[in-house]
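Structural characterization, general
Spelled out, the chains give:
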Amino acid sequence: TCAVCEEAFRILKPNGQLFISEMDFDSPAYAEQRSNALLFSLLRATEPYLDEYADGFPELLSFLVNKYQSVKITAATGRHYALIATKGDGINEPRNGKLEDSRFNSNGEYIV
């Protein structure tokens with residue numbers, strides 16, 4: 001997944017954006033699905049590498065924050081996130097590890 005994002009960075013124009021929407025493993029809805037053995041087994045039947053994919057999310061997020069000028073992530077549905085990574089202009093491109101994560105409100109509740 002990092003290799004795909006690296007290639008996207010290479011071909012994006014200055015100030016171009018990469019959009020990713022995927023299952024949010026930190027969402028309460030995902031935790032609820034995972035706690036239901038029958039439902040989770042059905043989900044795993046269609047996504048056999050789900051655990052490996054979930055375990056790789058922190059690495060992907062770290063890669064994006066260190067590669068792109070800014071990264072914004074928000075809840076898109078009850079169990080998916082939407083992420084926008086902006087490349088920068090190529091001139092003033094300090095990669096300061098800026099991450100704006102608005103999936104949870106100030107009380108720690110998922111916003112959807």
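All of the points below concern the structure found in this document. (Residues numbered from 1 in each chain as written. Predicted model: local features only at pLDDT ≥ 70, side-chain atom pairs only at ≥ 80, totals over all residues. Heavy atoms only, no water.)

**Things to note about the environment of Thr46**
By secondary structure assignment, the location of Thr46 is in helix α3 (residues 37-46). A distance of 2.9 Å separates a polar side-chain atom of Thr46 from the backbone oxygen of Leu43. (Helix = DSSP H or I, 4+ residues; strand = E, 2+ residues; numbered from the N terminus. Polar contact = N/O pair within 3.5 Å; in protein donor to acceptor, adjacent residues only side chain to side chain.)

**Quick word on the packing of helix α2 (residues 28-35) against α3**
It is at 5 Å that the axes of α2 and α3 come closest, and there the two elements cross at 100 degrees. Relative to α3, the element α2 is oriented roughly perpendicular. Counted together, Tyr30, Gln33, Arg34 and Ser35 of α2 and Ala37, Leu39, Phe40 and Leu43 of α3 form the full contact between these two elements. (Axes fitted to C-alpha atoms, helices over the stretch in contact; angles between N-to-C directions. Parallel < 35°, antiparallel > 145°, perpendicular 65-115°, else oblique. Contact = heavy atoms within 4.5 Å.)

**Concerning the sheet that holds strand β3 (residues 80-86)**
Strand order across the open sheet formed by four strands is β1-β3-β2-β4, with mixed pairing between neighbours. Taken across any chain shown, the strands that pair with only one partner, and hence form the sheet edges, are β1 (17-23) and β4 (99-101). Across the sheet, the axes of successive neighbouring strands diverge by a mean angle of 15 degrees, strand direction being ignored. Relative to β4, strand β2 (residues 70-75) runs parallel, the two sharing three bridges. Within β4, the residue paired with Lys72 across the bridge is Glu100. (Pairing = 2+ DSSP bridges.)

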